[in-house]
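Close look at the chain arrangement
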Amino acid sequence: MSDVYAQPTTGTEPATTTELARYTTLRLGGPAGRVVAGTDADEIVRAVRDAAGRDEQILILAGGSNVVIGDAGFPGTVVLVRSRGLRVVAEDADTVTVRVEAGEPWDDLVATTVANGWSGLECLSGIPGSTGATPIQNVGAYGQEVAETITGVHVHDRVGNANRWIAAADCGFAYRSSVFKHADRRIVLSVDFRLARSPLSGPVRYAELARALGVRVGDRVPLADARATVLRLRAGKGMVLDAADPDTRSVGSFFTNPVLDTAAYELLRARAADIGEPPGWPGAGDVVKVSAAWLIDKAGFGKGHPGPQGVAISSKHTLALTNRSGTASTAALVELAREIRDGVHRRFGVTLHPEPVLVNCAI
Ligand SMILES: Cc1cc2nc3c(=O)[nH]c(=O)nc-3n(C[C@H](O)[C@H](O)[C@H](O)COP(=O)(O)OP(=O)(O)OC[C@H]3O[C@@H](n4cnc5c(N)ncnc54)[C@H](O)[C@@H]3O)c2cc1C
């Protein structure tokens, strides 16, 4: 098993403890019925089939960086995705297609692509978790998302009990979403990415990143510069896991940026007229994506805002809810999330939705 994912730490515990808090970056979550680890695709499929044969519920867990698990835990079998490996499966003069096993730590993959001069993932540096989880919510940051480079996904489909290839066009990729999110039908076994052979990044699309690199939006920069700058920006916001920094005991952004149609955006502008223009980015089809961090802050929930039992908004980023004390419960985190969601709705009439997957809990 990998040592980069959260693992039991004391010598007195079994190698695979059932306390799920040990496997989540929030360090929250009660016991599972059973926990098994799959170190290659066959083992993962066997574990899933075995649990299905016993009629047990199944939870797939990899880095545990995008789940909030209830205090009562999970009554069924938790399958830890711990497969490793990467190989080039196609190449031509301009591109390389790599097939990556689901359990491969995401940031190790990004580092490898940057070192090899393969362009397309560099702005996604520093995101915790596994490669197999990136299609689940179409992971994105700093102007890049995996939907741009994934060509397809190998899955085990529990309907039909067979392994299948799903082309990117059929993955339903959208903003922090895909056909895989909130559905336990398919287990991702490996992911194919087509990357450009280039020492330069894709065009820098994110204004904050361009500023930090000292370039204009649309410029390209050396891959290693893009990676180093993204890592620096992320670390400043508590968005790179660091055991010594309680602000990183989180799931990253707790809420997605709300996507409003034009009428809803105009209503928001009217309600915010006394404090300024809500930051928003136009999307396809007359919609505006609004900054959830701005809404939360302006509704009175600033950085460091405390909740019960030592949970709090991160002191570095308004969108991250943290188990700051390290001893809180999921109930406390959920209470803070509800307070924020309801406060934003009261002030602006906009409903925030959680980004992580909630397991046996709800806000
Ligand atoms: C500090 C921090 C910063 C973050 N920054 C970002 C960011 O910038 N952008 C972003 O998009 N996300 C971000 N995240 C969220 C998270 O890191 C990503 O969503 C990541 O891809 C989750 O990977 P994981 O392996 O930890 O998934 P897990 O948390 O283990 O699982 C998440 C969900 O995916 C399912 N799942 C996992 N693996 C598989 C598989 N192989 N097959 C089927 N289902 C599977 C699980 O059942 C669960 O529903 C951040 C999180 C943290 C803690």
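Residues numbered from 1 in each chain as written. Predicted model: local features only at pLDDT ≥ 70, side-chain atom pairs only at ≥ 80, totals over all residues. Heavy atoms only, no water.

1. Considerations on the site of the ligand
Residues in close proximity to the ligand total 31 residues, the closest being Ile60, Ala62, Ser65, Ser130 and Arg234. Within the backbone of Val188, one N or O atom sits 2.8 Å away from a nitrogen atom of the ligand. The separation between a nitrogen atom of the ligand and a polar side-chain atom of Arg234 is 2.8 Å. Protein chains bury 94% of the 970 Å² of accessible surface belonging to the ligand in isolation. Mapped by element, the contributors of at least two residues to the shell around the ligand are strand E2 (58-61), strand E8 (140-141) and strand E12 (186-197). Top element by residues in the shell around the ligand is E12. It accounts for 3 residues. The class makeup of the residues in the shell around the ligand is 16 nonpolar, 11 polar and 4 charged. (Near = heavy atom within 4 Å. Polar contact = N/O pair within 3.5 Å; in protein donor to acceptor, adjacent residues only side chain to side chain. Areas by Shrake-Rupley, 256 points an atom, 1.4 Å probe, with all protein chains shown as cover. Helix = DSSP H or I, 4+ residues; strand = E, 2+ residues; numbered from the N terminus. Nonpolar A, V, L, I, M, F, W, Y, C, P; charged D, E, K, R; others polar.)

2. Regarding the sheet that holds strand E14 (residues 280-283)
Taken together, 3 strands build an open sheet; the order of strands is E13-E15-E14 and the sheet is antiparallel. Of all strands in the sheet, those with a lone pairing partner are strand E13 (259-261) and E14, marking the two edges. Here the strands of the sheet are splayed against their neighbours by 35° on average, with no regard to which way each runs. Sheet topology places E14 next to strand E15 (residues 287-290); 4 bridges connect them, and they run antiparallel. By the bridge assignment, Gly280 is partnered in E15 with Val290. Relative to the sheet, helix H5 (residues 262-271) contacts E13 and E15, its axis offset from that of E13 by approximately 100°. (Pairing = 2+ DSSP bridges. Axes fitted to C-alpha atoms, helices over the stretch in contact; angles between N-to-C directions. Contact = heavy atoms within 4.5 Å.)

3. Overview of the packing of helix H2 (residues 106-116) against helix H4 (residues 223-236)
Between two packed helices, both the angle of their axes relative to each other and the distance between the axes serve to describe the pair. Two elements in contact, H2 and H4, have axes whose closest approach is 9 Å; the angle formed by their N-to-C orientations is 150°. Between H2 and H4, the crossing angle belongs to the class labelled roughly antiparallel. Along its contact with H2, which presents Asp107, Val110, Ala111, Thr113 and Val114, the element H4 presents Leu223, Ala224 and Arg227. For the contact of H2 with H4, the per-class residue count stands at 5 nonpolar, 1 polar and 2 charged. (Parallel < 35°, antiparallel > 145°, perpendicular 65-115°, else oblique.)

4. With respect to the packing of aromatic side chains
Evaluation of the coordinates by the stated rule reveals 4 aromatic pairs. The interplanar angle of 70° and the centroid separation of 5.2 Å between the aromatic rings of Tyr142 and Tyr206 together place this pair among those described as edge-to-face. With Tyr142 in the loop between E8 and strand E9 (144-145) and Tyr206 in the loop between E12 and helix H3 (207-213), this residue pair connects regions lying 64 residues apart in the sequence. The exposure class assigned to Tyr206 is partly exposed, which follows from its relative accessible area of 33%. Relative to Phe348, the ring of Trp294 lies with its centre 5.8 Å away and its plane at 35°, an arrangement referred to as tilted. A residue pair is termed long-range when its members are at least 10 positions apart, and Trp294 in helix H6 (residues 292-298) and Phe348 in helix H7 (residues 330-348) qualify at 54 residues. (Phe/Tyr/Trp six-rings, centres within 6.5 Å; stacked < 30°, edge-to-face > 60°. Buried < 20%, exposed > 50% of the residue type's maximum accessible area, 1.4 Å probe, protein only.)

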